[in-house]
Amino acid sequence: MRAAFKEENMRRMIRRSGITAHGHGKSDLISQCRVIADHLTFNLLLRCISIATLANRRTVTEEDVQSALKRAGAGRMTCPGNDPLAPCRAYRQRGRARTAEAEVNHEVKHGNDCFYLPVKSLAAYLKHVLKEVVEEGPGKHGPEFHLTKSARNCIQLTLETFLLQLLWRARDVVARVHTLSLIHI
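Residues numbered from 1 in each chain as written. Predicted model: local features only at pLDDT ≥ 70, side-chain atom pairs only at ≥ 80, totals over all residues. Heavy atoms only, no water.

Some details on unusual backbone geometry
If a residue is not glycine, its phi is most likely negative; likewise, a peptide bond is most likely trans.
Thought 1: A positive phi angle, near 55°, is found at N56, a position not held by glycine.
Thought 2: Its place among the elements puts N56 in the loop between helix 2 (29-54) and strand 1 (59-60).
Thought 3: For N56, a relative accessible area of 72% gives the class exposed. (Helix = DSSP H or I, 4+ residues; strand = E, 2+ residues; numbered from the N terminus. Buried < 20%, exposed > 50% of the residue type's maximum accessible area, 1.4 Å probe, protein only.)

Structure below.
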């Protein structure tokens, strides 16, 4: 999971959401985002496998992902299809110290058209989770399922969109709580 959700990529998503400072340690924001992403991936693939199984297929397609999202109440997303998702290059470069505020401004201006999770690592992670979902417990082996490229890209877009929205909402909640605490002092 750590290879699919690398610390640098997760930190950049956190910065993209406008969070300029976050703690480090056992229950830091990056770890919690990884746990949420893992949970979301497992549940989404579980729904996708159910849909593919009902259609007598062993391949999860983009349409299966769309149906699973719709059934979960997430609505329909415009997925990128088979086109590879362009990764964002790191804003912080070696030898140049950048402040969190400068990085947030960069991500807000230039971060809309690219993606954060590494495609190869994410593909391996999704394959692992897919196998875990199919096994349904220790020692059980079900049929082998596969993801199409478009399904993988759709899942990547879903994960990143969900995490960014969650982080934006968390930032807003913290800002409101902070404002309320200043008012009542």
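Some details on the side chain of N9
Thought 1: With respect to the helices and strands, the residue N9 is situated in helix 1 (residues 7-16).
Thought 2: With residues up to four places along the chain from it excluded, the contact list for N9 reads Y116, L117 and P118. (Contact = heavy atoms within 4.5 Å.)

A closer look at helix 5 (residues 119-135)
Each turn of an α-helix holds 3.6 residues, which means side chains three or four residues apart point in the same direction.
Thought 1: Here helix 5 spans 24 Å end to end across 17 residues, near enough to the 24 Å set by a 1.5 Å rise per residue.
Thought 2: Taken together, the buried positions of helix 5 are occupied by S121, L122, Y125, L126, V129, L130, V133 and V134. (Expected span 1.5 Å × (residues − 1).)

Looking at the environment of F5
Thought 1: Its place among the elements puts F5 in the segment before helix 1.
Thought 2: For the pair F5 and Y125, spaced 120 residues apart in sequence, the C-alpha to C-alpha distance is 9.3 Å.
Thought 3: In this structure, F5 is in contact with M10, R34, A37, L117, L122, Y125 and L159, ignoring residues within four places of it in sequence.

Considerations on the packing of helix 1 against helix 2
Thought 1: Viewed as axis vectors pointing N to C, helix 1 and helix 2 meet at an angle of 100°, and their least axial separation amounts to 10 Å. In terms of orientation, helix 1 and helix 2 fall into the roughly perpendicular class. Between helix 1 and helix 2, the residues in contact are E7, M10, R11 and I14 and L29, I30, C33 and R34, respectively.
Thought 2: Considered class by class, the residues forming the contact of helix 1 with helix 2 number 5 nonpolar, no polar and 3 charged. (Axes fitted to C-alpha atoms, helices over the stretch in contact; angles between N-to-C directions. Parallel < 35°, antiparallel > 145°, perpendicular 65-115°, else oblique. Nonpolar A, V, L, I, M, F, W, Y, C, P; charged D, E, K, R; others polar.)

Looking at the packing of aromatic side chains
Thought 1: Going through the model one piece at a time under the given rule, you end up with 1 aromatic pair.
Thought 2: Between F5 and Y125, the ring centres sit 5.2 Å apart and the planes meet at 80°, which makes this aromatic pair edge-to-face. Taken as a pair, F5 in the segment before helix 1 and Y125 in helix 5 lie far apart in primary sequence, 120 residues in all.
Thought 3: Judged by relative accessible area, which is 0%, F5 ranks as buried.
Thought 4: For Y125, a relative accessible area of 6% gives the class buried. (Phe/Tyr/Trp six-rings, centres within 6.5 Å; stacked < 30°, edge-to-face > 60°.)

Points about the pattern of salt bridges
Thought 1: Applying the stated criterion across every chain, the model contains 3 salt bridges.
Thought 2: A salt bridge links R57 to D64; its shortest N-O distance comes to 2.8 Å.
Thought 3: Look at R57 and you get partly exposed, because its relative accessible area is 28%. (Salt bridge = Lys/Arg side-chain N within 4 Å of Asp/Glu carboxyl O.)

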